[in-house]
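Each chain, letter by letter, is given below.
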Amino acid sequence: SSTGGILPATGDSPGPAQFSVGYDRGNEGNKALTVILLITFGSVPPVTQGGVTASVTNLTSNLAGALTVTPGMSLQLTVANCRTRKCGVTFNMGGKLNVARLYGGANISTPVPVSVTVVSVI
């Protein structure tokens, strides 16, 4: 019996979580806008299901300025030359999944809280 270990991910293409954040300018024509977004990363709470507990640590992203992500961290992003109705940024986040098992097994989903605020539209 093991209390922890590394298990292969299942699914078609396991990998980092992908987030898309953006701005819907509505029907404002095609005038170029600059949108400034503030992305704030929350704390990833541990998840317990049955006798299995999972936590995510060592968060990383492919965002310039946020290669290492810490809870409470905020990052300002500028989306320049927005001419389409919807414009924004897509980024990836990954981390280390730590699993401890007291008994049984479980399917685990861990939420990664990310909030986005539109700071300004110029």
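Let me sum up the structure you'll find in this document. Everything numeric in this text was worked out from a predicted model, so none of it was measured. (Residues numbered from 1 in each chain as written. Predicted model: local features only at pLDDT ≥ 70, side-chain atom pairs only at ≥ 80, totals over all residues. Heavy atoms only, no water.)

**Overview of the nonpolar core**
Step number 1: With 22 residues, the main nonpolar core has Phe41, Leu63, Ala66, Phe91 and Met93 as its most contacted residues.
Step number 2: For this core, the elements supplying multiple residues, two or more each, are strand 1 (17-24), strand 2 (33-41), strand 4 (52-61), strand 5 (74-82) and strand 6 (86-101).
Step number 3: The leading source of residues in this core is strand 2, at five residues. (Core = buried A, V, L, I, M, F, W, Y, C linked by side-chain atoms within 4.5 Å. Buried < 20%, exposed > 50% of the residue type's maximum accessible area, 1.4 Å probe, protein only. Helix = DSSP H or I, 4+ residues; strand = E, 2+ residues; numbered from the N terminus.)

**Details of the pairing of strand 6**
Step number 1: Examined bridge by bridge, strand 1 and strand 6 share eight bridges and lie antiparallel to one another. Opposite Gly22, over in strand 6, you have Gly88 as the bridge partner.
Step number 2: Strand direction decides the pairing type here: strand 4 and strand 6, joined by eight bridges, are antiparallel. Directly across from Thr53, in strand 6, lies its bridge partner Ala100. (Pairing = 2+ DSSP bridges.)

**A closer look at the sheet that holds strand 3 (residues 47-49)**
Pairing between the strands of a sheet comes from backbone hydrogen bonds, and it takes one of two forms, parallel or antiparallel.
Step number 1: A sheet is described by the order of its strands in space; here four strands give the open sequence 1-6-4-3, paired in antiparallel fashion. This sheet does not close on itself; its edge strands, each paired only once, are strand 1 and strand 3. Averaged over all pairs of adjacent strands, the angle between strand axes in this sheet comes to 35 degrees, irrespective of strand direction. (Axes fitted to C-alpha atoms, helices over the stretch in contact; angles between N-to-C directions.)

**Looking at the pattern of salt bridges**
Step number 1: Counted by the stated rule, this structure contains one salt bridge.
Step number 2: With its nearest N and O atoms 3.0 Å apart, the salt bridge here joins Asp24 to Arg85. Of this pair, Asp24 sits in strand 1 while Arg85 sits in the loop between strand 5 and strand 6, and the two are 61 residues apart along the sequence.
Step number 3: Judged by its relative accessible area of 37%, Asp24 is partly exposed.
Step number 4: Since its relative accessible area comes to 51%, Arg85 is described here as exposed. (Salt bridge = Lys/Arg side-chain N within 4 Å of Asp/Glu carboxyl O.)

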